[in-house]
Amino acid sequence: MVFAPGEKPGNETEEVKLQNASKQIVQNAIQQAVQQVSQESQQREGRASDNRGTFQLSVGELTKKHEKK
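Fair warning: this is a prediction, and the values are worked out from it, not measured in the lab.

Criteria and cut-off values
Along each chain, numbering runs from 1 in the same order as the chain's sequence is written. The model is predicted, so local features are restricted to residues of pLDDT at least 70 and side-chain atom pairs to those at 80 or more, both for listing and for counting; the totals for chains, interfaces and linings are taken over all residues. For side-chain calculations, the full set of non-hydrogen atoms in the structure is used, while hydrogens and water are omitted. To qualify as a helix, a DSSP run of H or I must reach at least 4 residues; to qualify as a strand, a run of E must reach at least 2; elements of each kind are numbered from the N terminus. Burial classification: accessible surface area is computed with a 1.4 Å probe over protein chains only, and a residue below 20% of its type maximum counts as buried, one above 50% as exposed, and the rest as partly exposed. For every accessible area listed, the method is Shrake-Rupley and the probe measures 1.4 Å; residues are considered covered only by the protein chains on display. Each patch is built from residues that are more than 30% exposed by relative accessible area and take part in no salt bridge. Like charges join if they lie within 9 Å; nonpolar side chains (Val, Leu, Ile, Met, Phe, Trp, Tyr) join within 5 Å. We define a salt bridge as a side-chain nitrogen of Lys or Arg found within 4 Å of a carboxyl oxygen belonging to Asp or Glu.

**What about the overall build of the protein?**
A count of helical and extended segments in the protein gives one helix and zero strands. The burial tally for the protein puts 0% of its 69 residues in the buried class. A total accessible area of about 6,600 Å² is found for the protein, and carbon and sulfur atoms account for 55% of it.

Now the structure itself:
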């Protein structure tokens, strides 16, 4: 690596700091998006199973009413 005059090998340049900060921002945004999609999928699955349970209960009630006649 080539260093500018007065720049020490142990010090990060401003450009490197900005690049690292940008990478971290992108990684955080991706992680949040993945978590959000995962939560929304779980919520949809929960609602779908709730709806199926309600539908099955309704069908069962209809069957019981029909048997009573």
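We are not done yet, so read on.
**Some points on a nonpolar patch on the surface**
Taken together, Val26, Ile30 and Val34 make up a surface patch of nonpolar side chains, about 270 Å² in accessible area. Looking at the secondary structure, you find valine 34 in helix α1 (residues 14-68).

**What about the pattern of salt bridges?**
This model, assessed by the stated rule, comprises one salt bridge. Across the pair arginine 44 and glutamate 40 runs a salt bridge whose closest N-O atoms are separated by 3.8 Å. A residue pair is termed a helical-turn pair when its members lie 3 or 4 positions apart in one helix, as arginine 44 and glutamate 40 do in helix α1 at four residues.

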